[in-house]
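Inside the fold
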Amino acid sequence: MNNKLIKILKTFTKKEIKEFEKFLKSPYYTEGKNLRRNILIKYFTSIKKYHPEFNNKNFNKEYLYYKLYGSSVYNDLIMRNLNSVTFRLAKEYLILK
């Protein structure tokens, strides 16, 4: 999995990853997004485990979807939406920082 979100997260230090997670947990920044906030936070928690390299065999959209939604049928649209929203919030975090 190599997309804009991963490219930007690779540049984050450990401290910035922690700060970004706090940023995501703030309802001020995540309220009103197209996704439920708890899923967004759970998604980020799942991908931050692979920081900084993001190159584990389990680091793929299907596995991350399984971690979020269990055994339901994989939906690529949901994963693309999660990536898109998280990427926009990462850019917003960097602007504020």
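Our subject is the structure that appears above.
What comes next concerns the included structure. The shown structure was predicted, so the numbers you read here are calculated from the model rather than taken from an experiment.

The subject of this paragraph is the overall build of the protein chain. For the protein chain, the count of helices and strands is six helices and zero strands. Starting at the N terminus, the α and β elements of the protein chain follow one another as α-α-α-α-α-α. Dimensions of the protein chain along its principal axes, counting C-alpha atoms only, are 35 × 30 × 20 Å. For the protein chain, the proportion of its 97 residues judged to be buried stands at 37%.

The next point concerns the environment of Leu-82. Note on placement: Leu-82 falls in helix H6 (residues 76–96). Using a relative accessible area of 0% as the deciding quantity, one classes Leu-82 as buried. Considered as a pair, Leu-82 and Thr-45 are 37 residues apart in the sequence and their alpha carbons are 12 Å apart.

Before going further, it helps to spend a moment on the packing of aromatic side chains. Applying the stated criterion across every chain, the model contains ten aromatic pairs. Centroid distance Phe-12 to Phe-20: 5.8 Å. Interplanar angle 90°. Geometry classified as edge-to-face. For the pair Phe-12 and Phe-20, one class covers both residues: buried. Between Tyr-50 and Phe-59, the ring centres sit 4.9 Å apart and the planes meet at 50°, which makes this aromatic pair tilted. In this structure Phe-59 comes out as buried when scored by relative accessible area, which is 3%.

A few words on the nonpolar core. If you look at the biggest cluster of nonpolar residues, it comprises 28 residues, and the most contacted ones within it are Leu-9, Phe-12, Phe-20, Tyr-43 and Ile-47. The set of elements that each furnish at least two residues to this core consists of helix H1 (4–10), helix H2 (14–25), helix H4 (37–48), helix H5 (61–69) and H6. Considering every element that reaches this core, the biggest residue donor is H6, with seven residues. Not counting residues within four places of it along the chain, the set of residues in contact with Phe-12 comprises Ile-17, Phe-20, His-51, Ala-90, Tyr-93 and Leu-94.

Right, let's talk about H4 for a bit. For H4, which comprises twelve residues, the first-to-last C-alpha distance of 16 Å matches the rise-based estimate of 16 Å (1.5 Å per residue) to within 8%. Here H4 has its buried residues at Ile-39, Leu-40, Ile-41, Tyr-43, Phe-44, Ser-46 and Ile-47.

So, about the packing of H4 against H6. The geometry of H4 relative to H6 is characterised by a closest axis approach of 11 Å and an angle of 85° between their N-to-C directions. Judged on the interaxial angle alone, H6 and H4 are roughly perpendicular. Residues Ile-39, Leu-40 and Tyr-43 of H4 touch H6, and the partners they reach there are Met-79, Leu-82, Asn-83, Val-85, Thr-86 and Leu-89. Among the residues making up the contact of H4 with H6, the classes are represented as seven nonpolar, two polar and no charged.

About the cut-offs
Residues numbered from 1 in each chain as written. Predicted model: local features only at pLDDT ≥ 70, side-chain atom pairs only at ≥ 80, totals over all residues. Heavy atoms only, no water. Helix = DSSP H or I, 4+ residues; strand = E, 2+ residues; numbered from the N terminus. Buried < 20%, exposed > 50% of the residue type's maximum accessible area, 1.4 Å probe, protein only. Phe/Tyr/Trp six-rings, centres within 6.5 Å; stacked < 30°, edge-to-face > 60°. Core = buried A, V, L, I, M, F, W, Y, C linked by side-chain atoms within 4.5 Å. Contact = heavy atoms within 4.5 Å. Expected span 1.5 Å × (residues − 1). Axes fitted to C-alpha atoms, helices over the stretch in contact; angles between N-to-C directions. Parallel < 35°, antiparallel > 145°, perpendicular 65-115°, else oblique. Nonpolar A, V, L, I, M, F, W, Y, C, P; charged D, E, K, R; others polar.

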